[in-house]
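Fold and contact review
The residues making up each chain are set out below.
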Amino acid sequence: NPMQLPTFLKGAQVQLQRMHLVAKEHGVDVSALCLNFVLSHSRKAKVVIGIDSLNHLKNNVNDLKEYEKVNQLNYALAEIAVEDENILLPFLWKK
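Residues numbered from 1 in each chain as written. Predicted model: local features only at pLDDT ≥ 70, side-chain atom pairs only at ≥ 80, totals over all residues. Heavy atoms only, no water.

**Concerning the overall build of the protein chain**
Within the protein chain, the secondary structure is distributed over six helices and zero strands. Mapped from its N terminus to its C terminus, the protein chain presents α and β elements in the order α-α-α-α-α-α. On C-alpha atoms alone, the protein chain measures out to a radius of gyration of 14 Å, which is about the 12 Å that the 2.2 N^0.38 rule sets for 95 residues. The principal-axis extents of the C-alpha atoms in the protein chain amount to approximately 35 × 30 × 30 Å. On the protein chain, roughly 6,900 Å² of surface is accessible, and the fraction owed to carbon and sulfur atoms is 56%. Computing the positive centroid from 11 side-chain charges and the negative centroid from 10, the protein chain places the two 4 Å apart. (Helix = DSSP H or I, 4+ residues; strand = E, 2+ residues; numbered from the N terminus. Rg over C-alpha atoms; globule rule 2.2 N^0.38 Å. Areas by Shrake-Rupley, 256 points an atom, 1.4 Å probe, with all protein chains shown as cover. Lys, Arg positive; Asp, Glu negative; His and termini not counted. Charge placed at Lys NZ, Arg CZ, Asp CG, Glu CD.)

Written as structure tokens, this is what we have:
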């Protein structure tokens with residue numbers, strides 16, 4: 001929820017709200033949007049996903065079915081990029 005972010009991630013609040021709006025407008029789950037956005041960028045050699053249950057794995061597999069739809073949304077997602085490394089890199093998060 002973009003409205004309930006820890007203080008150190010507040011700088012991405014507007015972008016997260018926009019991402020949720022894009023997902024809703026196009027009928028795609030946010031998780032599918034995120035996973036497929038990363039997969040659609042060829043400069044990424046591999047994507048490692050974490051799971052905490054079999055259900056979580058099944059959801060990720062289902063999210064992959066949205067690849068083509070999300071790939072068509074790259075223009076909208078590129079407009080809401082976050083550049084701040086203090087937000088992008090978890091090891092820099094000040095908790």
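**Notes on the packing of helix α1 (residues 13-25) against helix α2 (residues 30-39)**
In contact at an axis separation of 9 Å, α1 and α2 are set at 105° when each is read in the N-to-C sense. What the angle tells us is that α1 and α2 run roughly perpendicular. Taking contact as the criterion, the partners of Met19, His20 and Ala23 in α1 are, on α2, Val30, Leu33 and Cys34. (Axes fitted to C-alpha atoms, helices over the stretch in contact; angles between N-to-C directions. Parallel < 35°, antiparallel > 145°, perpendicular 65-115°, else oblique. Contact = heavy atoms within 4.5 Å.)

**Side note on the pattern of salt bridges**
Inspection of the entire model under this criterion finds one salt bridge. Across the pair Lys69 and Glu66 runs a salt bridge whose closest N-O atoms are separated by 3.9 Å. Since its relative accessible area comes to 25%, Glu66 is described here as partly exposed. (Salt bridge = Lys/Arg side-chain N within 4 Å of Asp/Glu carboxyl O. Buried < 20%, exposed > 50% of the residue type's maximum accessible area, 1.4 Å probe, protein only.)

**Let's talk about the nonpolar core**
One finds Met19, Val22, Ala23, Val28, Ala32, Leu33, Val70, Leu73, Ala76, Leu77 and Ile80 forming the largest nonpolar core, which totals eleven residues. Taken together, the elements giving at least two residues each to this core come down to α1, α2 and α5 (74-78). No other element matches α1, which puts three residues into this core. In this structure Val28 touches Ala23, Leu33, Glu66, Lys69 and Val70, once residues within four positions along its chain are discounted. (Core = buried A, V, L, I, M, F, W, Y, C linked by side-chain atoms within 4.5 Å.)

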